[in-house]
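This is what each chain is made of:
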Amino acid sequence: MITGKYPSLRLRRNRKFDWTRRLIRENDLSTNDLILPIFLTEGKHKKIAIQSMPGVFRYSVDLIPKVIDKALSNKIPMVAFFPYTNPQKKNTIGTEALNDNNLVCQALKIVKKKYSNEIGLMTDVALDPYTSHGHDGLLKNNKILNDETIEILIKQSLLQAEMGCDVLAPSDMMDGRIKKIRKALDQKKFFDVQLLSYAVKYASNFYGPFREAVGSKKILKGDKKTYQMDISNSNEALREVSLDIKEGADIVMVKPGLPYLDIISKIKDKFKIPVFAYQVSGEYSLIKNGINKNIINPNAIYESLISFKRAGASAIVTYFANEIAKQLD
Ligand code: PBG
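Description of the structure in this document. The structure presented is a predicted model; accordingly, all values stated were derived computationally and were not measured. (Residues numbered from 1 in each chain as written. Predicted model: local features only at pLDDT ≥ 70, side-chain atom pairs only at ≥ 80, totals over all residues. Heavy atoms only, no water.)

Observations regarding the overall build of the protein
Thinking step 1. From N to C terminus, the protein includes 11 helices and 12 strands.
Thinking step 2. On C-alpha atoms alone, the protein measures out to a radius of gyration of 20 Å, which is about the 20 Å that the 2.2 N^0.38 rule sets for 329 residues.
Thinking step 3. Here the protein displays about 16400 Å² of accessible surface, and carbon together with sulfur accounts for 50% of that area.
Thinking step 4. Charge-centre separation for the protein: the mean point of 51 positive side chains lies 5 Å from the mean point of 36 negative side chains. (Helix = DSSP H or I, 4+ residues; strand = E, 2+ residues; numbered from the N terminus. Rg over C-alpha atoms; globule rule 2.2 N^0.38 Å. Areas by Shrake-Rupley, 256 points an atom, 1.4 Å probe, with all protein chains shown as cover. Lys, Arg positive; Asp, Glu negative; His and termini not counted. Charge placed at Lys NZ, Arg CZ, Asp CG, Glu CD.)

Below is the structure:
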C-alpha cells in the first residue's frame, strides 16, 4: 500500500542515521540463529586444515571439548558433527556407520557426558562418509537402493540417538525415511529426539569442499541426481516438505542456501514450520576466498546470513558460525 508520493514522501528519511536504520530494521541476526558444523578425524591432538575451506579444520575427538567451549562462549545453540572416515574403514555398505565407537559416536558420548544439555548435538543420517563409492545409500547395478538403504539409516539413527544425539538430520534423500525413522524412535521410546529433515536437498555443485572434508570427493562414483533434487525445481520442494511433515519431521532444511532463498521463502509461507538453511561448503569457500583476496568486504558474511533470515529461515548451518558470533557479541 502506497500512502503518499514524492516529494512529500521520501523513503530515504528513515535511513538518514544509524539509529533510525536500526529502529526500522525488519530482521536481525543473533547468535541464536547459528549452527556450527564440526569435522572429526582419527587420532590424538589433531587439528588438520581442509585445503578447500580456509579457516576450517578437522579435529580429533580429544580436542572436541575445546571446540565446544568456544562454541558455548560464542553462545552458539547447536553443533553438527561430520566424520572424516579412515579410507580403510569404508566399504560398499558403509558398515562403519553402525559402529558404536565410530567418530560421531565418540564425539556424541564425550560431549553429552561433559556438557549434558548445555548445547544441542546434531548428526547427519546418511552413509556417504562411510561408503567406498561415496553415495548416501546402497549402490547396486548403478542404482541407489531406496528401501534397503532406509533399513540401515534406521539403525544409524537409533545408534546416534542412544549415544546422545538431540537432533537427527537425515540428509540422504531416500523416500519415506522420515516416517520409518520416527516409528523406530517411538518404538524405542526416543520420544524427545528431534527430526530435522533435509527435505529439500538439491543435487548441487556447491558441495565440493565438504566432500573433500569428509574424504568422499575422489571416490564418488557418478553424481547424486537420482536422489537429490533437480536444481530447476520448486514445486517439487513443496511436495517433499509436505510429505516429510506428514511423516514426522519437526524442522525442515533447505540446502544449499543462497541459491535457494526463494525455496525457503515459499516453504515458510506455505507450511509455517521451522525452516533451517544450510550455507554449504562451496558458498563458504567462495565468500571466504573473496574476503581473503580482498575482492569483497568482510561484511558480506553478515549480508549472506541476514538474507536467510529475511527469506524466513529460523536458523542457519554455517561454517562462519564462530566468526560471525564474535562480531554479533
Ligand atoms: C551428505 C551431505 C553433504 C553435505 C552434508 N551432508 C554433501 C553431499 O550430499 O554430497 C554438504 C554440506 C556442505 O557442502 O557443506 N550426506
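Structure shown, so let's carry the discussion forward.
What to know about the pattern of salt bridges
Thinking step 1. A complete count under the given rule lists 12 salt bridges for this structure.
Thinking step 2. With a closest N to O distance of 2.8 Å, Lys-89 and Glu-42 form a salt bridge. With a gap of 47 residues between them, Lys-89 in the loop between strand E4 (78-83) and helix H3 (103-115) and Glu-42 in the loop between strand E1 (34-41) and strand E2 (47-49) connect regions that are remote in the sequence.
Thinking step 3. On the accessibility criterion, Lys-89 (38% relative accessible area) is partly exposed.
Thinking step 4. Owing to a relative accessible area of 30%, Glu-42 belongs among the partly exposed residues under this scheme. (Salt bridge = Lys/Arg side-chain N within 4 Å of Asp/Glu carboxyl O. Buried < 20%, exposed > 50% of the residue type's maximum accessible area, 1.4 Å probe, protein only.)

Here we look at helix H10 (residues 300-311)
Thinking step 1. Here H10 is 12 residues long and its end C-alpha atoms lie 17 Å apart, about the 16 Å a rise of 1.5 Å per residue gives.
Thinking step 2. In terms of residue burial, H10 counts as a mostly covered element, since 9 of its 12 residues are buried.
Thinking step 3. Where H10 is concerned, the buried positions are Ala-300, Ile-301, Ser-304, Leu-305, Ile-306, Ser-307, Phe-308, Lys-309 and Ala-311.
Thinking step 4. Taken together, the buried residues of H10 touch helix H8 (261-271), strand E11 (275-279), helix H9 (281-292), strand E12 (315-318) and helix H11 (321-328).
Thinking step 5. The first or second residue beyond H10 is Gly-312, which carries a positive phi of 120°. (Expected span 1.5 Å × (residues − 1). Contact = heavy atoms within 4.5 Å.)

Looking at the packing of H8 against H10
Thinking step 1. In the contact formed by H8 and H10, the axes pass within 8 Å of each other and the chain directions differ by 30°. Relative to H10, the element H8 lies roughly parallel. Between H8, through Leu-261, Ile-264, Ser-265 and Lys-268, and H10, the contact on the second element is made entirely by Ser-307, Phe-308 and Ala-311.
Thinking step 2. Here the residues of the contact of H8 with H10 are counted per class, giving 4 nonpolar, 2 polar and 1 charged. (Axes fitted to C-alpha atoms, helices over the stretch in contact; angles between N-to-C directions. Parallel < 35°, antiparallel > 145°, perpendicular 65-115°, else oblique. Nonpolar A, V, L, I, M, F, W, Y, C, P; charged D, E, K, R; others polar.)

Observations regarding the packing of aromatic side chains
Centre distance and the angle of the planes are the two values used to describe a pair of aromatic rings.
Thinking step 1. One pass over the structure, following the stated rule, counts 11 aromatic pairs.
Thinking step 2. Taking the centre distance of 5.8 Å and the plane angle of 65° together, the rings of Tyr-284 and Tyr-319 count as edge-to-face. Within this pair, whereas Tyr-284 is found in helix H9, its partner Tyr-319 is found in the loop between E12 and H11, the two being separated by 35 residues in sequence. As far as burial versus exposure is concerned, Tyr-284 and Tyr-319 are alike and both buried.
Thinking step 3. Three or more aromatic residues joined by ring pairs form one cluster here, namely Phe-39, Phe-82, Tyr-198, Phe-210, Tyr-278, Tyr-284, Tyr-319 and Phe-320.
Thinking step 4. Stacked on the ring of Phe-57, the Lys or Arg Lys-47 has its end atom at 4.3 Å from the ring centre.
Thinking step 5. Residue placement shows Lys-255 over the ring face of Phe-210; its charged tip is 5.9 Å from the ring centre. (Phe/Tyr/Trp six-rings, centres within 6.5 Å; stacked < 30°, edge-to-face > 60°. Lys NZ or Arg CZ within 6 Å of the ring centre and 35° of its normal.)

Remarks on the pairing of E12
Thinking step 1. Of the two faces of E12, the one carrying Ala-315 and Val-317 and the one carrying Ile-316 and Thr-318 are both buried.
Thinking step 2. Relative to E12, E1 runs parallel, the two sharing 2 bridges. Of the residues in E12, the one forming a bridge with Leu-34 is Ile-316.
Thinking step 3. One ladder, built from 4 bridges, connects E11 with E12; its direction is parallel. Of the residues in E12, the one forming a bridge with Tyr-278 is Val-317. (Pairing = 2+ DSSP bridges.)

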